[in-house]
Amino acid sequence: MATQQLWRAQLRSYPANGHTAFIPQIRKVVLEFCQHYPSSSNARTFISNHLERVAREHPHVEFVVRQRNGHEPIARGFYANGRDKVVPLNKLQVTGIERKVQLLMDSSGAKIKPLKGARTVESTTESARGIWSGLHVDTPFTI
């Protein structure tokens, strides 16, 4: 009986989001601020007082702080799919900046697709029974 040799490359598993594993889509968050602009004062406060706690809560994300003189403060998120998102932080309080950073971490990085004018449910095949309605049964559906 001949045995088939199993190569190491065949044993590789590829990560995928599903019911057994969750892979965060965010890879890196870059916070950019100006040392002199008054609009960056809350961003500087967030970086000095709250960023360490946020970084400890999310060890899978790389946090980078970069000084960018002469520009408004921004937060830039880099995602596993190769895309990035930029969120302006000017005129935000410290709690608002924390919410925007959390929004970047919760986002998938996918391009935003408008739902207006598009079909909300798409299928390759039509339903065998058609669309169900509570009005098409012998006894009407009541709550």
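Everything below is about the structure shown above.
Residues numbered from 1 in each chain as written. Predicted model: local features only at pLDDT ≥ 70, side-chain atom pairs only at ≥ 80, totals over all residues. Heavy atoms only, no water.

## Some points on helix 1 (residues 41–49)
Since there are 3.6 residues in each turn of an α-helix, residues three or four apart along the chain are aligned in direction.
Consideration 1: Within helix 1, burial applies to Ala43, Phe46 and Ile47. Viewed along the axis of helix 1, the buried residues span an arc of 95 degrees, placing them on a single side of the element. Exposed residues on helix 1 whose side chains face more than 90 degrees from its buried face are Ser48 and Asn49.
Consideration 2: Tucked inside the fold, the buried residues of helix 1 contact strand 1 (26–33), helix 2 (51–57), strand 2 (62–67) and helix 3 (94–106). (Buried < 20%, exposed > 50% of the residue type's maximum accessible area, 1.4 Å probe, protein only. Helix = DSSP H or I, 4+ residues; strand = E, 2+ residues; numbered from the N terminus. Arc of directions from axis to C-beta. Contact = heavy atoms within 4.5 Å.)

## Regarding the sheet that holds strand 3 (residues 74–79)
Consideration 1: On the basis of which strands lie adjacent, the open sheet formed by 4 strands has the order 2-1-3-4 and mixed pairing. A strand with exactly one partner marks an edge of an open sheet, and here the two such strands are strand 2 and strand 4 (84–88). Strand-to-strand twist across the sheet, computed as the mean angle between neighbouring axes with direction ignored, equals 20 degrees.
Consideration 2: As defined by bridge partners, strand 1 adjoins strand 2 across 6 bridges and the pair is classed as parallel. Directly across from Phe33, in strand 2, lies its bridge partner Gln67.
Consideration 3: Here helix 1 sits on the sheet and contacts strand 1 and strand 2; the angle it forms with strand 1, its principal contact strand, is near 130 degrees. (Pairing = 2+ DSSP bridges. Axes fitted to C-alpha atoms, helices over the stretch in contact; angles between N-to-C directions.)

## Concerning the pattern of salt bridges
Two side chains carrying opposite charge are able to pair once their charged atoms lie near each other.
Consideration 1: The full count for this structure, using the stated rule, is 7 salt bridges.
Consideration 2: Here Glu32 and Arg66 are joined by a salt bridge, their closest N and O atoms 2.3 Å apart. Of this pair, Glu32 sits in strand 1 while Arg66 sits in strand 2, placing them 34 residues apart in sequence.
Consideration 3: Residues joined by salt bridges that share partners form a network here, namely Glu32, Arg66, Arg68, Arg76 and Asp84. (Salt bridge = Lys/Arg side-chain N within 4 Å of Asp/Glu carboxyl O.)

## Points about the environment of Phe63
Consideration 1: With respect to the helices and strands, the residue Phe63 is situated in strand 2.
Consideration 2: Once residues within four sequence positions are removed from consideration, Phe63 is found in contact with Val29, Leu51, Val54, Ala55, His58, Val101 and Met105.

## Observations concerning empty space enclosed by the protein
Consideration 1: In the structure shown here, the tally under the stated rule is 1 cavity of 30 Å³ or more.
Consideration 2: In this structure, the largest cavity encloses a volume near 30 Å³.
Consideration 3: As for the largest cavity, its lining consists of Leu31, Glu32, Phe33, Ala43, Phe46, Ile47, Ile74, Leu89 and Ile97.
Consideration 4: Counting residues per element, the ones that place at least two in the lining of the largest cavity are strand 1 and helix 1.
Consideration 5: Residues that form the lining of the largest cavity fall into these classes: 8 nonpolar, no polar and 1 charged. (1 Å grid on protein atoms, 1.4 Å probe; cavity = no way out; pocket = protein on both sides within 12 Å on 5 of 7 lines; lining within 4 Å. Points joined across faces, edges and corners; volume = space filled by probe spheres on them. Nonpolar A, V, L, I, M, F, W, Y, C, P; charged D, E, K, R; others polar.)

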